[in-house]
Each structure stands twice: as C-alpha cells, then as structure tokens.
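# Tertiary structure, described
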Amino acid sequence: MTRTATPAGPARPGFLWAVPAAVFFGLFAVVPLVMVAVLSFAEWDGLSGPRFAGLDNWRTLLDDPVMVKSLGLSVLLTGLGVLVQTPLSILLGVWAAGRQRNRAVLSAIYFLPMLLSIAAVSVLWRAVLDPNLGVPAHATWLFGDGNLFGTQATAIGVLVFVSTWQFTPLHTLIYQGAARAIPQVLYQAAQIDGAGTVRQFFHITLPQLRNALITSVILMVVGGLTTFDTVLILTQGGPGSDTTISAYYMYQKAFKSFDYGAASAVALLLVLVATVISLVVVRLSGYDKMRSTMEGL
C-alpha cells in the first residue's frame, strides 16, 4: 500500500486506505440515489415493470397543490427547528462543558432522549398529549379543548416540541465538544482586560463555536427535510393535509397510491433542496475555506 510523502511533514496513507469507505458509500448512497433518479422519470406501481414517462411525474407534482404545500411545510418545520434548537443547544453545550457540581449526572440524564428511537419517542408523546386520556384532557385551563392535533398551528407546535426534545441533546453534544476545545488562555486574557461572563460568551465563546454551529445547522436542515416518523405517528399529516410534509407525502405516494415514480421524484427533490441549502450555508459562512478558529494563537 503506497504512502505519499509531503514536504512539510510525515508521509500520508495512500488512496487505497479510502477504498473500503468509497465502496460502501457507492453501494449504499450513490447507487440508490441513481436508481431513484431513474425511477423519477418512470411510471411504476411496484408490481409490473417500470415504464419511461419522461417529465410526467414532475409535471404532476408541480401541479399538485398538496405537494407544493408540503414542500413549504417542510421548510417551515426545518426553519422552526433551527431557530428553537440552536440557542438551546449552544447554551446547554457551553454549560455542559464547564465543571459545575453534578454536571456529569445532569448531562447524562439530559442526553437520555438521544438514546431512544424516533418511533418510541413519538409513541410516548402521542400518549402524553392524547386529547382524551393525556395531560391536555386534565389541564383544559392550559390547553383549551385539549386537542393539540386539531389545528395546524398547535399540531406544528407539537412536532417542533417533540423534535426539539429528542434532538437538542445531539447538537448540545456537538457544542459541548467544541466549547471544551476553546483555549482557556483566551478567557484568562479577557478576565485580565475586565471582560465579564456575558462579554466573554459573545466575544470569545460564540466566535469559537462558528464551525460547530455550521455543522449543527446543516445536520438540522438535512434532518428536518427528511423527518417522517414523527409526522406518521403523531399527526399522520393532519388535520387534513396541514402537517403533510414532503417526506410524508412521498410515503403516501409510494405505499398508499403505489406511485413509486412520483415518490421517487419527491425523494430526488428533497435531496436537491437539502443539498442546495447546505451549500448555501457553507458558502455564506466561509466554512468551505476551513479557517481555523484558533488562528493567531
């Protein structure tokens, strides 16, 4: 196995080290994506052979108001998730990176939702928020008629809340690791200059968390656009189609209407939207240049 030498340091492993990962990625990512792209231009019910349909699937989707609405709902839920989870994750991550008393125990308890499956979490909160037997039924003074799944606003609120409850610990872990990597000499210099805790947070901690922030946001965008289990179990796209996001719409097309061509078109559209948003975030943030947050130390 070859190793390439660099003038500035020791030899680096050759390209053969990347072959297993490249083969795995090709078989389980590239090949399925190509197959989905091909099926998006075909008619297929899952039983008979696929038949080339040209752009018919795409025209049908663009003319379907439910599909257009579902894409907007996907972007809305993703945006709300980023807006809610990001500040919570940053604050909790910075706190968890400290040395407070009982921090380890509290962090372990807080990270428990991250260990549960999405389906289990959704079933749990569906039972807790059930309008007949759950908490809302016994606290009508707070929840009104108790049916949080009866209107679009409250149903979306439930989806955002459940996603935040489960996935904030993951992003907290990202910020915790990044916060622990910040050199303490920066804080010591700030204390000498008379900077308080708040000024240190905004002028040292946040700038040093920039790369972690971008990574976290990209993960939220990809995860938000592909959310499916939560909607399936909690709202089933209701009331009506008010929470029918694109991933759930794709499920309906594939496994209820047996229109796998249209479902493949939706899947490919989600991939394109997630890719474009991620590239925009990377481009605007300068993350692609990989500037070090410790530059100048």
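Refer to the structure above for everything that follows.
Since this is a predicted model, take the numbers as computed values, not measurements. (Residues numbered from 1 in each chain as written. Predicted model: local features only at pLDDT ≥ 70, side-chain atom pairs only at ≥ 80, totals over all residues. Heavy atoms only, no water.)

Residue P239 is bonded to the preceding G238 through a cis peptide linkage, with omega at 0 degrees. With respect to the secondary-structure elements, P239 resides in the loop between α12 (229–234) and α13 (246–255). Positive phi is not limited to glycine here, since F258 has a value of about 55 degrees. Along the chain, F258 falls in the loop between α13 and α14 (260–285). On the accessibility criterion, F258 (46% relative accessible area) is partly exposed. (Helix = DSSP H or I, 4+ residues; strand = E, 2+ residues; numbered from the N terminus. Buried < 20%, exposed > 50% of the residue type's maximum accessible area, 1.4 Å probe, protein only.)

What follows concerns the layout of surface pockets. Each pocket or cavity is described by its volume, and for the largest pocket that value is around 490 Å³. If you trace the largest pocket, you find 17 residues lining it, with V94, A97, G98, Q184 and Y187 closest to the centre. No other element matches helix α10 (residues 197–208), which puts four residues into the lining of the largest pocket. Of the pockets and cavities examined, the second largest pocket occupies roughly 380 Å³. Surrounding the second largest pocket, 24 residues form its lining, S163, F167, G223, G224 and T227 being those nearest its centre. The set of elements that each furnish at least two residues to the lining of the second largest pocket consists of α3 (65–96), α8 (152–180), α11 (210–225) and α12. Top contributing element to the lining of the second largest pocket by residue count: α8, with seven residues. (1 Å grid on protein atoms, 1.4 Å probe; cavity = no way out; pocket = protein on both sides within 12 Å on 5 of 7 lines; lining within 4 Å. Points joined across faces, edges and corners; volume = space filled by probe spheres on them.)

Each aromatic ring pair is summarised here by two numbers: the centre-to-centre distance and the angle between the ring planes. Applying the stated criterion to the full structure yields twelve aromatic pairs. Arranged with centres 5.2 Å apart and planes meeting at 85 degrees, the rings of F201 and F202 form a pair that is edge-to-face. What makes F201 buried here is its relative accessible area of 16%. Through a chain of ring-to-ring contacts, three or more aromatic side chains come together here, namely W44, F228, Y248, Y251, F255 and Y260. Geometry around F149 places R126 over its ring, the cationic atom sitting 4.2 Å from the centre. (Phe/Tyr/Trp six-rings, centres within 6.5 Å; stacked < 30°, edge-to-face > 60°. Lys NZ or Arg CZ within 6 Å of the ring centre and 35° of its normal.)

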